[in-house]
Amino acid sequence: MTHFMGVVIACLEAADFDPVDIRELANRLQEIAIERPDLVERYGKALAARDAGELERLWFQCLLVLKSWDNLRINAMTGRLHIGHGSRSFPLFPRVFQIWPRAE
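How each quantity is defined
- Numbering of residues begins from 1 in every chain and follows the order in which that chain's sequence is written.
- Confidence filtering applies because this is a predicted model: local features only for residues at pLDDT of at least 70, side-chain atom pairs given and counted only at 80 or more, and all residues used for totals across whole chains, interfaces and linings.
- As a rule here, side-chain values come from all non-hydrogen atoms in the structure, and water together with hydrogens is ignored.
- Numbered from the N terminus, helices here are DSSP runs of H or I no shorter than four residues, and strands are runs of E no shorter than two.
- Exposed residues in this analysis have more than 50% of their type's maximum accessible area, buried residues have under 20%, and partly exposed residues fall in between, with area computed by a 1.4 Å probe over protein chains only.
- Residue contacts are defined here by distance: any two heavy atoms, one from each residue, within 4.5 Å place the two residues in contact.
- Note that accessible areas follow from Shrake-Rupley with a 1.4 Å probe, and for residues the cover is restricted to the protein chains shown.
- Stacked, tilted and edge-to-face are the three classes applied to pairs of Phe, Tyr and Trp rings, where Trp contributes its six-membered ring and a pair requires centres within 6.5 Å; stacked means planes under 30 degrees apart, edge-to-face means over 60, and tilted covers the rest.
- Strands were regarded as paired on the criterion that DSSP finds at least two bridges between them.
- Convention adopted: a line fitted to C-alpha atoms gives each axis, helices being fitted over their contacting stretch, and angles between N-to-C directions are expressed from 0 to 180 degrees.
- Put simply, buried Ala, Val, Leu, Ile, Met, Phe, Trp, Tyr and Cys residues joined by side-chain atoms within 4.5 Å make one nonpolar core.

Engineer: Account for the overall build of the chain, naming residues and giving values.
Structural biologist: When you go through the chain residue by residue, the secondary structure sums to 4 helices and 3 strands. Seen in sequence order, the chain has helices and strands lined up from the N terminus as α-α-α-α-β-β-β. Put simply, the chain has 104 residues, and 37% of those count as buried. Taking all contacts inside the chain whose residues are at least 6 apart in sequence as the whole, residues at least 24 apart take part in 52%. Surface accessibility of the chain: about 7,100 Å² in total, with carbon and sulfur atoms responsible for 56%.

Structure follows, in C-alpha coordinates:
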(Lines give C-alpha, C1' and ligand atoms only; values in the text may rest on other atoms or scores of the structure.)
Protein backbone atom coordinates (compact mmCIF):
# COMPACT_ATOMS: atom_id res chain seq x y z
CA MET A 1 0.00 0.00 0.00
CA THR A 2 1.22 3.48 -0.86
CA HIS A 3 1.08 6.17 1.82
CA PHE A 4 -1.04 9.16 0.87
CA MET A 5 1.27 11.91 -0.43
CA GLY A 6 4.26 9.66 0.20
CA VAL A 7 6.26 11.50 -2.48
CA VAL A 8 6.24 14.60 -0.26
CA ILE A 9 7.40 12.55 2.73
CA ALA A 10 10.19 10.98 0.64
CA CYS A 11 11.38 14.43 -0.45
CA LEU A 12 11.47 15.64 3.15
CA GLU A 13 13.47 12.59 4.17
CA ALA A 14 15.92 13.30 1.32
CA ALA A 15 16.17 16.90 2.60
CA ASP A 16 17.14 15.64 6.08
CA PHE A 17 14.11 17.19 7.77
CA ASP A 18 13.60 16.43 11.43
CA PRO A 19 12.11 12.90 11.68
CA VAL A 20 9.63 14.09 14.33
CA ASP A 21 8.28 16.75 11.94
CA ILE A 22 8.10 14.22 9.11
CA ARG A 23 6.19 11.79 11.30
CA GLU A 24 3.80 14.57 12.35
CA LEU A 25 3.13 15.48 8.71
CA ALA A 26 2.69 11.81 7.74
CA ASN A 27 0.14 11.38 10.54
CA ARG A 28 -1.76 14.51 9.49
CA LEU A 29 -1.79 13.31 5.86
CA GLN A 30 -3.17 9.95 6.98
CA GLU A 31 -5.96 11.78 8.80
CA ILE A 32 -6.76 13.64 5.59
CA ALA A 33 -6.71 10.34 3.72
CA ILE A 34 -9.30 8.89 6.10
CA GLU A 35 -11.54 11.93 5.77
CA ARG A 36 -11.10 12.29 2.00
CA PRO A 37 -10.83 8.90 0.24
CA ASP A 38 -11.43 10.70 -3.07
CA LEU A 39 -8.04 12.39 -2.68
CA VAL A 40 -6.40 9.02 -2.03
CA GLU A 41 -7.88 7.63 -5.23
CA ARG A 42 -6.70 10.65 -7.20
CA TYR A 43 -3.24 10.32 -5.62
CA GLY A 44 -2.93 6.70 -6.69
CA LYS A 45 -3.82 7.59 -10.27
CA ALA A 46 -1.49 10.61 -10.32
CA LEU A 47 1.37 8.56 -8.94
CA ALA A 48 0.86 5.80 -11.49
CA ALA A 49 0.76 8.35 -14.31
CA ARG A 50 3.62 10.41 -12.82
CA ASP A 51 1.33 13.43 -13.11
CA ALA A 52 3.00 16.29 -11.23
CA GLY A 53 0.14 18.65 -12.09
CA GLU A 54 -2.38 16.47 -10.30
CA LEU A 55 0.01 16.08 -7.34
CA GLU A 56 0.26 19.87 -7.16
CA ARG A 57 -3.55 20.13 -7.05
CA LEU A 58 -3.75 17.43 -4.37
CA TRP A 59 -1.08 19.13 -2.27
CA PHE A 60 -3.05 22.38 -2.47
CA GLN A 61 -6.12 20.52 -1.12
CA CYS A 62 -4.00 19.18 1.74
CA LEU A 63 -2.66 22.66 2.52
CA LEU A 64 -6.21 23.88 3.07
CA VAL A 65 -6.20 21.61 6.13
CA LEU A 66 -2.50 21.63 7.08
CA LYS A 67 -1.79 25.38 6.82
CA SER A 68 1.47 25.13 8.82
CA TRP A 69 3.24 23.37 5.94
CA ASP A 70 2.78 26.14 3.40
CA ASN A 71 6.57 26.45 3.03
CA LEU A 72 6.42 23.37 0.76
CA ARG A 73 5.39 23.85 -2.85
CA ILE A 74 5.03 21.43 -5.73
CA ASN A 75 5.97 22.80 -9.14
CA ALA A 76 4.01 20.88 -11.77
CA MET A 77 6.18 22.18 -14.61
CA THR A 78 9.44 20.85 -13.17
CA GLY A 79 8.02 17.93 -11.19
CA ARG A 80 9.86 19.05 -8.07
CA LEU A 81 9.00 19.79 -4.44
CA HIS A 82 10.40 23.18 -3.39
CA ILE A 83 11.22 23.84 0.24
CA GLY A 84 10.99 27.37 1.59
CA HIS A 85 11.93 30.35 -0.51
CA GLY A 86 15.45 29.17 -1.31
CA SER A 87 16.79 26.98 -4.05
CA ARG A 88 16.25 23.65 -2.27
CA SER A 89 14.12 21.32 -4.32
CA PHE A 90 13.78 17.60 -4.83
CA PRO A 91 12.33 15.58 -7.72
CA LEU A 92 8.94 14.02 -7.09
CA PHE A 93 9.81 11.14 -9.40
CA PRO A 94 13.54 10.36 -9.14
CA ARG A 95 15.11 8.64 -12.07
CA VAL A 96 15.43 4.90 -11.72
CA PHE A 97 18.78 3.52 -12.72
CA GLN A 98 18.81 0.65 -15.16
CA ILE A 99 20.40 -2.37 -13.50
CA TRP A 100 20.04 -4.91 -16.26
CA PRO A 101 22.02 -5.04 -19.50
CA ARG A 102 20.51 -3.35 -22.53
CA ALA A 103 18.91 -5.60 -25.11
CA GLU A 104 20.86 -5.54 -28.34
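Engineer: Break down the packing of aromatic side chains for me, citing the residues and quoting the values.
Structural biologist: One pair of aromatic rings is described through two measures. These are the centre distance and the angle between the planes. Applying the stated criterion across every chain, the model contains 2 aromatic pairs. Centre to centre, the rings of Phe4 and Tyr43 are 5.7 Å apart; their planes meet at 75°, and the pair counts as edge-to-face. A residue pair is termed long-range when its members are at least 10 positions apart, and Phe4 in the segment before α1 (6-14) and Tyr43 in helix α3 (residues 37-49) qualify at 39 residues. In terms of burial, Phe4 and Tyr43 fall into one category: buried.

Engineer: Can you tell me about the sheet that holds strand β3 (residues 89-91), naming the residues and giving the values?
Structural biologist: Pairing in this open sheet of 3 strands is antiparallel, and the strands run β1-β2-β3 from one edge to the other. The strands lining the two open edges of the sheet, one partner per strand, are β1 (72-75) and β3. Across this sheet, the average inter-strand angle for adjacent strands is 25°, counted without regard to direction. Note that strand β2 (residues 80-83) and β3 share 3 bridges and pair antiparallel.

Engineer: Now, about unusual backbone geometry: what can you tell me, with residues and values included?
Structural biologist: Positive phi, normally seen in glycine, also occurs at Met5, with a value near 60°. Inspection of the secondary structure assignment puts Met5 in the segment before α1. Phi angles above zero are rare outside glycine, and Lys67 is one such case at about 55°. Here Lys67 lies in the loop between α4 (52-66) and β1. For Lys67, a relative accessible area of 58% corresponds to the exposed category.

Engineer: Explain the nonpolar core residue by residue, including any values.
Structural biologist: Membership of the largest hydrophobic core comes to 32 residues, with the highest contact counts inside it found for Met5, Val8, Leu29 and Trp59. Those elements that provide at least two residues to this core are α1, α2 (19-35), α3, α4, β1 and β2. The greatest single-element share of this core, amounting to 7 residues, is contributed by α4. Those residues within four positions of Leu29 in sequence are excluded, and the remaining contacts are Phe4, Met5, Ile9, Trp59, Cys62 and Leu66.

Engineer: Tell me about the side chain of His82, and please be specific about residues and values.
Structural biologist: In this fold, His82 is placed in strand β2. Here His82 is in contact with Asn71, Leu72, Arg73, Asn75, Arg88 and Ser89, once residues within four sequence places are set aside.

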